[in-house]
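What follows is each chain in one-letter form.
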Amino acid sequence: MFGKKYNDFLKMVVYQIYPRSFKDANGDGIGDLRGIIEKLDYLKELGINAIWICPCFKSPQADNGYDISDYCDIDPEFGNMEDIKELINEAHNRDIKVLMDLVANHTSSEHKWFKESKKSKNNPYSDYYYWYDEPQTDWQAMWGGSAWEYSNERNQYYLHHYDITMPDLNWDNPKVREEFNKIVDFWSNFGVDGFRCDVIHEISKDLKNNIMSMGPHIHEYINGLFGRPEVEHLFTVGECWVWNEESFCKLTKEERKELSTMFQFQHISFGRDGKYTPKPQSLTELRDILSHWQSVSYKNDLLYTLFTDNHDQPYFISRAGDTKNKRYELATCIATMFYTLRGIPFIYQGQEFGSLASEFDSIDDFRDIGAINYYNDYLEEFGKEKVLQQLNFGSRDNARHPVAWDGSEFNGFSDVEPWIPLSSNNKEINLKKDCESEKSIFKFYKSILKLRKENDEIVYGELKILSRPEDTYWVFERSYNGGKIVVCCNFEEENNIIIPYKNAKLLLSNNIDRKDASNNYSAYEVAIYRI
Ligand code: GLC
Ligand code: CA
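Since the structure is predicted, the reported quantities are computational estimates derived from the model, not experimental observations.

About the criteria used
Residues numbered from 1 in each chain as written. Chains lettered and ligands numbered in written order. Predicted model: local features only at pLDDT ≥ 70, side-chain atom pairs only at ≥ 80, totals over all residues. Heavy atoms only, no water. Pairing = 2+ DSSP bridges. Helix = DSSP H or I, 4+ residues; strand = E, 2+ residues; numbered from the N terminus. Axes fitted to C-alpha atoms, helices over the stretch in contact; angles between N-to-C directions. Contact = heavy atoms within 4.5 Å. Domains from an automatic or database assignment. Phe/Tyr/Trp six-rings, centres within 6.5 Å; stacked < 30°, edge-to-face > 60°. Buried < 20%, exposed > 50% of the residue type's maximum accessible area, 1.4 Å probe, protein only. Lys NZ or Arg CZ within 6 Å of the ring centre and 35° of its normal. Donors = N, O, S within 2.8 Å, 3.2 Å for Na, K, Ca; no water.

Draft legend 1. Structural view of the sheet that holds strand β22 (residues 526-530). Spatially, five strands are ordered β16-β17-β18-β22-β20 in an open sheet, and the strand pairing comes out antiparallel. What marks the edges here is a single partner per strand, and that holds for β16 (462-465) and β20 (505-509). On average, adjacent strands in this sheet sit at an angle of 25° to one another, irrespective of strand direction. One ladder, built from four bridges, connects β16 with strand β17 (residues 473-480); its direction is antiparallel. Within β17, the position partnered with Leu-463 by the bridge is Arg-478. Sitting on the sheet, helix α9 (residues 283-300) touches β16 and β17, and the angle it makes with β17 is about 20°. The strands touched by helix α14 (residues 441-454) are β20 and β22; relative to β20, the strand with the most contacts, the crossing angle is about 135°.

Listed below in structure tokens is the structure:
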């Protein structure tokens with residue numbers, strides 16, 4: 001049983017915005033906060049009630065804003081403090097909550113703390129980061145090379161799990177923890193409703209024992225940050241790359257006052273072998289992962305996050321099935337599999353009209369440091385064609401192309417050439433074209449979110465799976481207060497599916513010809529019934 005706070009959170013539907021690529025309001029080719037304000041009515045129409053904005057703070061933009069040089073100011077590329085104030089007000093006027101991205105594991109090397117820290121071993125900021133005479137571990141940085149970098153200025157090495165310009169903060173230093181209390185308080189007082197917490201499982205480390213994340217003080221530090229009475233009402237979702245049930249419980253159980261929930265990433269590897277190689281898989285495997293984590297969530301009373309996409313993964317449907325002939329059916333089938341379960345739906349920009357990965361034939365079309373470093377590291381080994389093929393499949397840029405609002409010259413994103421090329425398929429796949437189609441993914445998203453809003457069974461209900469593990473489809477019911485909803489998701493093959501209730505009334509299907517619970521289901525067909 002959830003308490004009131006978590007029951008309220010269950011009603012949230014979050015839309016994730018990557019501000020650089022969402023909407024450019026001032027015509028410089030870079031998306032910005034005023035662009036988000038322009039699109040709030042659109043988001044309201046879609047049916048979401050919260051937005052998570054990826055970092056828009058002051059930053060040299062080495063990692064598109066995840067390298068922050070001032071946590072309490074807005075980067076001029078995105079706007080200013082007035083703009084964020086107006087954005088929060090305008091969102092709140094529409095009953096939309098605003099979540100910011102809190103990057104606590106590292107700063108930019110341009111942050112004042114680091115600039116001071118590297119000056120000497122004895123100044124107020126010396127211990128804000130991990131400094132040693134020799135590398136303490138053999139850790140590799142995320143985008144290649146050692147995680148230790150030498151500073152000529154201080155004559156010591158510092159730790160950076162990400163780019164060289166993103167030094168890891170030393171959370172064992174109470175002053176660092178105090179700084180983050182202040183940052184959270186600042187934005188909370190400013191009016192934000194919560195945070196998405198970037199790789200927060202990494203803030204406690206144990207160098208001696210080679211522990212890079214989920215270190216000995218992780219729960220203490222997170223609770224110390226978010227469990228304080230003045231901020232414990234905030235909604236927090238952790239980006240936590242942990243796979244076990246126990247950690248999930250400890251990090252997110254309501255009474256522990258750490259995080260409200262976290263992203264569970266097991267299904268993110270669906271359809272691929274490592275980051276860059278496709279692996280054909282059946283949706284039955286996705287179903288099994290989802291049902292496992294649903295049972296974990298019910299058994300332990302955990303809030304679960306229902307997401308397929310974010311700014312670090314190419315659009316999910318690109319690797320989940322037949323997007324050539326059945327993009328609409330696949331996109332709506334996956335939306336149904338996720339958004340009729342118990343948890344908090346997250347929708348990443350562009351996902352709601354079925355965006356796909358791009359195809360580019362030059363490294364000049366890529367922007368992500370991860371992609372560019374990968375190209376340079378593997379060009380010789382794999383050859384140009386293969387590396388580009390891999391990047392086209394798996395690069396993070398494949399979720400970062402400007403949102404294709406329409407098929408015009410710059411896709412309605414900007415009046416000028418954007419900072420990153422438009423997606424290669426933008427003439428075929430854009431919001432305007434989608435909405436004109438009889439098979440509109442956007443309209444289906446609208447309908448399913450409306451259904452969630454209007455049927456408490458989907459938000460709060462108990463889950464009972466009716467199909468058998470060997471079936472190549474998924475049927476489950478959600479029951480609440482005497483009401484019952486049955487969800488039926490068929491996968492790659494046609495199937496005869498019997499709904500074991502006589503009085504099933506159709507609420508929604510992605511098959512426009514479906515009128516009732518007759519049992520022949522085509523590939524990726526879904527139907528939702530009220531019993
Ligand atoms: C997270 C972000 C990613 C970023 C990294 C370092 O994984 O989602 O975009 O590069 O942390 O901050
Ligand atoms: Ca702009």
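Draft legend 2. Region of interest: the domain arrangement of the protein. Each assigned domain of the protein is listed with its residue range as follows: domain 1 (4-105 + 174-361 + 401-441), domain 2 (112-159), domain 3 (362-400) and domain 4 (462-530). The distance between the C-alpha centroids of domain 3 and domain 4 comes to 41 Å.

Draft legend 3. Structural context of the packing of aromatic side chains. In the structure shown here, the tally under the stated rule is 46 aromatic pairs. Aromatic pair Tyr-339 and Tyr-445: ring centres 5.9 Å apart, planes at 70°, arrangement edge-to-face. In this pair, Tyr-339 is assigned in helix α10 (residues 323-339) and Tyr-445 in helix α14, connecting sequence segments 106 residues apart. Note on accessibility: Tyr-339 and Tyr-445 belong to one class, buried. Grouping aromatic residues by their ring pairs yields a cluster made of Trp-52, Trp-241, Trp-243, Phe-263, Phe-265, Phe-307 and Phe-346. Taking the ring centre of Trp-405 as reference, the NZ or CZ of Lys-39 above it sits at 4.0 Å. Its guanidinium or amino end placed over the ring of Phe-190, Lys-85 lies 4.4 Å from that ring's centre, counting from NZ or CZ.

Draft legend 4. Representation of the coordination of the calcium ion (ligand 2) within the structure. Distances from the calcium ion (ligand 2) to its protein donors, Asp-24 (OD), Asn-26 (OD1), Asp-28 (OD), Ile-30 (O) and Asp-32 (OD), fall within 2.2 to 2.4 Å. Counting the intervening residues between successive donors of the calcium ion (ligand 2) yields the motif D-x1-N-x1-D-x1-I-x1-D. This pair shows no difference in class: Asp-24 is buried, exactly as Ile-30 is.

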